[in-house]
Amino acid sequence: MSRRIGFFLSAWACGLMAAIDADALTFDRNVPKETQEQLTSDLASLEGIYGATASALHTTVFGEVDGSVYSNWFRSRVLRVGYDSSSVGGAVAYVSPFSDPSRIVLTANYTRFSHPQIARLMIIFHEARHTERQNSYWPHSRCPRLFVDEAGREIKSIWTGLPLAGESACDSQIGGAYASTVIMLGNISLYCETCTEKVRADAELYARDQLKRVINREAAKQIKEDLHVAL
Amino acid sequence: MLRSRATLLFAVILLAGVIVAFWRTRAPLESSEREVSGKSVARGTSSPVVREKVERGAEDPVLLNRLSEEDARKLALLDEVLASKNDNDPRLDRELRGLSDSLKEKLREKYYDLAPEDRAGRGLIIFLLGRELKTEEDVAFLSEVVQEERCLSLDDCTQAPQAGAIDEHAASAGSVTLVYPQLVAIRSFEKALGNPALRSTVRAALEDAERYGPEEVARAAREAIARAEKNGVF
C-alpha cells in the first residue's frame, strides 16, 4: 500500500516539475546552446539573491529584494528568447516592442563579450522593461545637447570619444529602463545579504554609471535619495 | 637452465627499477621546465612589477611558483569560477581570501595570461588582489593596471570601432566593461584609504590614475578622491 502511495507521490512530483518547467523561458530554435546555458545560469544565480530590506522605489518597481521576485518579474514580461547572430553595434540584447514585445533577442555578444555577470543581468532587465506595452515600452529620451556630469565636464562615449549629446540613450522618467536598473542594482548593492562582495561591488559600479543616463534632475535626485546617496 | 632463467628475471627487475628511478628523477625536472616556460609568458608582458619578480625569481623560493597545496587549490577554484562566469559563487568570499604572497604573484601573472578582451576575468583577479592590499608592492601592481592603455573595443582591445558602428543605447554597459579592471582597482584604492598604513601610497596612486589613466578611469579616480575628502579621510 505504502509503495503505491509512494508511486503516486512520485508521479505527482514529476507532473509538478513538468508544470514548473512549462513556465521556463522558451528559446527559439536558433538560439545556440551556449547562449541558452549562459542565460539560464545567470537567471539561476539571480534567484539566490535575498535582502531583508528594499528601498521605496524598488518596492514600487520590483517588490522585495528577492531572487524569486526578480525571476517572476522577468518571466512575466519575457516569454520568448530569440537570437541574432549579428554582433554589430555592440548590442548584447534588444527588444522589438512594436512587433514582438514579449520576446527578448540576445545577440552573439551575450556570450562573446566578457561582461561581468551583473552587467549581463542589468542588460536583460533593461530590455525587459521595454516590453511593457501599458507604459508605452518606456521610450528613451535624447541626451541633452549640453550633456555634462556633476563637475560640468561633457559626457562622451567611451567607444567613440564623441559626445553622447543628442543620442537616444537617456531616461527622463523615474521608471525608465536605465532608471529602473539603477534602482535594482542599487538595492542589490545596498541590501543583498546572499550576494558575494563582488556582485555587490559590481552592482554599485554599473548603477553609478547608468545613473548618469537619467537626465531629469528631479528623477535622479529621487533615486539618489531612495538609495541614500549610495551612488 | 633454471639459473639462466633466474638471471634473466633478475635482469628484467633491475632494468625496471632503473627505468622507474630515471622516471622519478625526470618528472620534477619536466615540471620545473614547465614552470620556466610559464614564466617566459610573464616575461613577455608589459608589467614591470611582474617582470622584475620573474627576473629575481631564480633566487627567491616564493617566486618559483612553488604553490602550497592550499594555494594550488585556491588557484583551481579561481579557474572554476572564471569558467563558470558565476560571480555570485559564495566560495569567492568563503575560500578566496587570505591570499599568500606566492598566490598573489601567481595571480599577477595570470592577469597578463588572460586576453586583454577578457575584461570580466581580468576584473575578477583585480578584485581578489584589490581587497587584500597590504603592501606597497600590492598597490604598485594595481597602479600599473590603472594606467594601462584603454581597451578600445570588447572585440579587440587594439582596434577602435568604426565611427557610427556603435549603438549607444544598446552598448551602454560596454562603456564600463571596457575599463572594468581599472574601475575595480580604483574602488579597491578607495577602500584602502581606510588603512592608515597605506593611505598616502594609495592616495598617490589615485592621483597618478587621475593624471595618467584613461579618461573614464581618471574621472573615477577624481570622484574617489572627492568622496574621501568629503568624508574627511584626508
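Please read these numbers as outputs of a predicted model, since none were measured by experiment.

Draft legend 1. Representation of the interface of chain A and chain B in the model. With 52 residues of chain A at the interface, the matching set in chain B holds 46 residues. Between chain A and chain B, the buried area comes to about 4300 Å², and carbon and sulfur atoms account for 51% of it. The interface formed by chain A and chain B contains six salt bridges. Where Lys191 of chain B meets Glu197 of chain A, a salt bridge forms, and the shortest distance between an N and an O atom there is 3.4 Å. Applying the counting rule to chain A against chain B returns 19 residue pairs in polar contact (both at pLDDT 80 or more). Among the secondary structure elements, those contributing two or more residues to the side of chain A that touches chain B are α2 (33-46), α5 (109-112), α6 (117-129) and α8 (197-211) of chain A. Broken down by element, the residue count for the side of chain A that touches chain B peaks at eleven residues, all from α8 of chain A. Of the residues that constitute the side of chain A that touches chain B, the class distribution is 19 nonpolar, 17 polar and 16 charged.

Draft legend 2. A look at the pairing of strand β2 (residues 80-84) of chain A. All names here are of chain A. Bridge count for strand β1 (residues 26-27) against β2 is two bridges, and the pairing is parallel. Counterpart to Thr26 in the pairing with β2 is Arg80. Inspection of the sheet shows β2 paired to strand β4 (residues 103-107) by five bridges, in the parallel sense. Bridging across to β4, Tyr83 finds its partner in Leu106.

Draft legend 3. A look at the sheet that holds β2 of chain A. Residue and element names in this part refer to chain A. Strands sit in the order β1-β2-β4-β3 across an open sheet of four strands; the sheet is mixed. The strands lining the two open edges of the sheet, one partner per strand, are β1 and β3 (93-95). Sheet contacts for α6: β3 and β4; angle to β3, the most-contacted strand, approximately 10 degrees.

Draft legend 4. The confidence of the model for chain A, seen in detail. Looking at chain A as a whole, its pLDDT mean stands at 87, while 85% of the residues score no less than 70. Note on residues 13-22 of chain A: pLDDT under 50 across the span, and zero contacts to partners over four residues away in sequence or across chains.

Draft legend 5. Region of interest: helix α9 (residues 217-226) of chain A. Residues and elements named next belong to chain A. Every buried residue belonging to α9 is among Ala219, Ala220, Ile223 and Asp226, and all of these are buried. The buried residues of α9 occupy one face: seen down the axis, they fall within an arc of 125 degrees. Close packing links the buried residues of α9 with α3 (56-61), α7 (177-191) and α8. Positive backbone phi, at 55 degrees, marks His228, one or two positions downstream of α9.

Draft legend 6. Examining the state of the cysteines more closely. The full count for this structure, using the stated rule, is three disulfides over all chains. Paired through a disulfide, Cys143 of chain A and Cys170 of chain A show a sulfur-sulfur distance of 2.2 Å. Disulfide Cys143 of chain A to Cys170 of chain A: torsion about the S-S bond roughly 100 degrees, handedness right-handed. With Cys143 of chain A in the loop between α6 and α7 and Cys170 of chain A in the loop between α6 and α7, this residue pair connects regions lying 27 residues apart in the sequence. Cys170 of chain A shares its class with Cys143 of chain A; the two are buried. Covalent S-S linkage joins Cys151 of chain B and Cys157 of chain B, the inter-sulfur distance amounting to 2.0 Å. Negative torsions about the S-S bond denote left-handed disulfides, and the value of about -80 degrees found for Cys151 of chain B with Cys157 of chain B makes this one left-handed. For Cys157 of chain B, a relative accessible area of 9% puts it in the buried group. Each bonded cysteine of chain A gets a number by its place in the sequence, and the pairs then read 1-2, 3-4.

Draft legend 7. Main features of the side chain of Asp71 of chain B. Residues and elements named next belong to chain B. Looking at where Asp71 falls in the secondary structure, it is placed in helix α3 (residues 69-84). For the buried residue Asp71, which engages in no salt bridge, the nearest side chain bearing the opposite charge is Lys74, 5.1 Å off. In this view, Asp71 contacts Ser100, Ser102 and Leu103; residues no more than four positions away in its chain are not counted.

Draft legend 8. How the structure looks around α7 of chain A. For α7 of chain A, spanning 15 residues, the distance from its first C-alpha to its last is 21 Å, which sits close to the expected 21 Å at 1.5 Å a residue. Of all 15 residues making up α7 of chain A, 14 are buried, and the element is well covered by its neighbours.

Draft legend 9. Layout of the packing of helix α5 (residues 101-113) of chain B against helix α7 (residues 136-146) of chain B. All names here are of chain B. Direction vectors running N to C along α5 and α7 enclose 5 degrees, while the axes themselves pass 12 Å from each other. Looking at the two axes, α5 sits roughly parallel to α7. Judged by residue contacts, Lys104, Glu105, Arg108, Tyr111 and Tyr112 of α5 engage Glu137, Asp138, Phe141, Glu144 and Val145 from α7. Its residues placed into classes, the contact of α5 with α7 shows four nonpolar, no polar and six charged.

What counts as what
- Residues numbered from 1 in each chain as written.
- Chains lettered and ligands numbered in written order.
- Predicted model: local features only at pLDDT ≥ 70, side-chain atom pairs only at ≥ 80, totals over all residues.
- Heavy atoms only, no water.
- Contact = heavy atoms within 4.5 Å.
- Buried area = accessible area lost by both parts, 1.4 Å probe.
- Salt bridge = Lys/Arg side-chain N within 4 Å of Asp/Glu carboxyl O.
- Polar contact = N/O pair within 3.5 Å; in protein donor to acceptor, adjacent residues only side chain to side chain.
- Helix = DSSP H or I, 4+ residues; strand = E, 2+ residues; numbered from the N terminus.
- Nonpolar A, V, L, I, M, F, W, Y, C, P; charged D, E, K, R; others polar.
- Pairing = 2+ DSSP bridges.
- Axes fitted to C-alpha atoms, helices over the stretch in contact; angles between N-to-C directions.
- pLDDT = per-residue confidence, 0-100.
- Buried < 20%, exposed > 50% of the residue type's maximum accessible area, 1.4 Å probe, protein only.
- Arc of directions from axis to C-beta.
- Disulfide = S-S within 2.5 Å.
- Lys, Arg positive; Asp, Glu negative; His and termini not counted.
- Expected span 1.5 Å × (residues − 1).
- Parallel < 35°, antiparallel > 145°, perpendicular 65-115°, else oblique.

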